[in-house]
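Listed below, chain by chain, are the residues.
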Amino acid sequence: MPTLNPKENLLRCLHGQIPEYVPQYSYYGPLPGVEGPPPNMSVGLPQLRGERSEGGFKDLWGVPYTAVEEVGGFSLPTPDEFILADVTKWQDVVKIPDSVKDVDWKAAAEAAMKELPYDRETTSLWYGPGGGTFMNLMNMMGFTEGLSALYEEPDAVKELLQFFFDFYYPIAEQVFDIFQPDVMSLGDDAASENNPFISPLMYREFFVPIYREYTKFAIERGIPVNMHLCGRGEDFIPDLVRIGVCSWEPVQLKNDILEVKARFGRQMVIGGGWEGRGRLTELDVTDEEIRQSVRDAFDKYAVGGAYMFAAAYTPRSTSDTLTPHWNEVLQKEAWDYGQTFYK
């Protein structure tokens, strides 16, 4: 029997040690098929989440999102309704909403803590300070105009990114000691499945300096830093390691995961190494095939530690009843096989 609970085991991995068993990371609350509370959960401030409405919502800055049935009801920026056409005129469009101008952020954080559904002894708390910087720009402008702006109007883009930082960072300073998170979690999907959206040089110029301010804040307090980065983001990992990011999820299979592990060792925890694609998504896939895919991922990527299983099937629709079963098989096998992996 393990001596560490899932929270303790996950944090041990994030602090650069070999875990007692393969840690699991949860995206959706309690892990299906696994007894007990989730090993991690996110905490945030509801005042920063925007306004929900039927079929979607608007984020804090007024960007409209639409729920998409084909991805299980997740919301994406509504096509052709981007709010910023000319980044040089961002000050005319992007303004701090009246709804948050007079918020007592410490009181808001204390209220959020009272709503935690799990015991902090068994569930680690992950805090993300603000929206993704790259994604804020793309969500406001769309990828065509947003990527063009980085090339054509770099000074205006930097002003806008600084505006975001100047809004979110002081809030983080006020609420951090109230949340007392176990992990700081940044998130910016700056890569597609096949390649980054921008070069490492541009990433280093525009975004890494902002990330670094957050990582400094966390590292000074002994808190590990995670980066949520979908797609083939391996080109950005050297810069992220340099500023103190120690964990990356979801690490998709287009990345050279073994090369990242060989280069950075326990400096960078790999969260992923599994995807629900191909045969694993065919309607007649067997439970044993799913279980074997988990064992294969662990045998390939979990050796030597610096690995957490951060993966799940995405629902095909809001009425999908098959994917929940697949996820239950997936997570239970990750738990069962992971329990003895480091013995």
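Residues numbered from 1 in each chain as written. Predicted model: local features only at pLDDT ≥ 70, side-chain atom pairs only at ≥ 80, totals over all residues. Heavy atoms only, no water.

Draft legend 1. Expanded view of the overall build of the protein chain. Of the regular secondary structure elements, the protein chain holds 11 helices and 11 strands. For the protein chain, the C-alpha radius of gyration of 20 Å lies close to 20 Å, the compact-globule estimate for 343 residues. The principal-axis extent of the C-alpha atoms belonging to the protein chain is close to 60 × 40 × 40 Å. The buried share among the 343 residues of the protein chain stands at 49%. Taking the contacts inside the protein chain whose residues are at least 6 apart along the sequence as the reference set, 67% of them involve residues at least 24 apart. (Helix = DSSP H or I, 4+ residues; strand = E, 2+ residues; numbered from the N terminus. Rg over C-alpha atoms; globule rule 2.2 N^0.38 Å. Buried < 20%, exposed > 50% of the residue type's maximum accessible area, 1.4 Å probe, protein only. Contact = heavy atoms within 4.5 Å.)

Draft legend 2. Inspection of helix α3 (residues 105-114) at higher detail. Within α3, the full set of buried residues consists of Trp 105, Ala 108, Ala 109 and Ala 112. Mapping the buried residues of α3 onto a view down its axis gives an arc of 100°, with all of them on the same face. On its buried face, α3 is in contact with α5 (154-179). Between the side-chain oxygen of the N-cap and the backbone nitrogen of Lys 106 there are 3.3 Å, and the N-cap of α3 in question is Asp 104. (Arc of directions from axis to C-beta. Polar contact = N/O pair within 3.5 Å; in protein donor to acceptor, adjacent residues only side chain to side chain.)

Draft legend 3. Spotlight on unusual backbone geometry. Geometrically, the link from Glu 249 to Pro 250 is a cis peptide bond, its omega value of -10° lying close to zero. Its location among the elements puts Pro 250 in strand β9 (residues 247-251). At Asp 80, a residue that is not glycine, the phi angle is positive and equals roughly 65°. Looking at the element boundaries, Asp 80 is found in the loop between β5 (75-77) and α2 (90-93). Phi is positive for Gln 180, which is not a glycine, with a value near 45°. With respect to the element layout, Gln 180 can be found in the loop between α5 and β7 (183-187).

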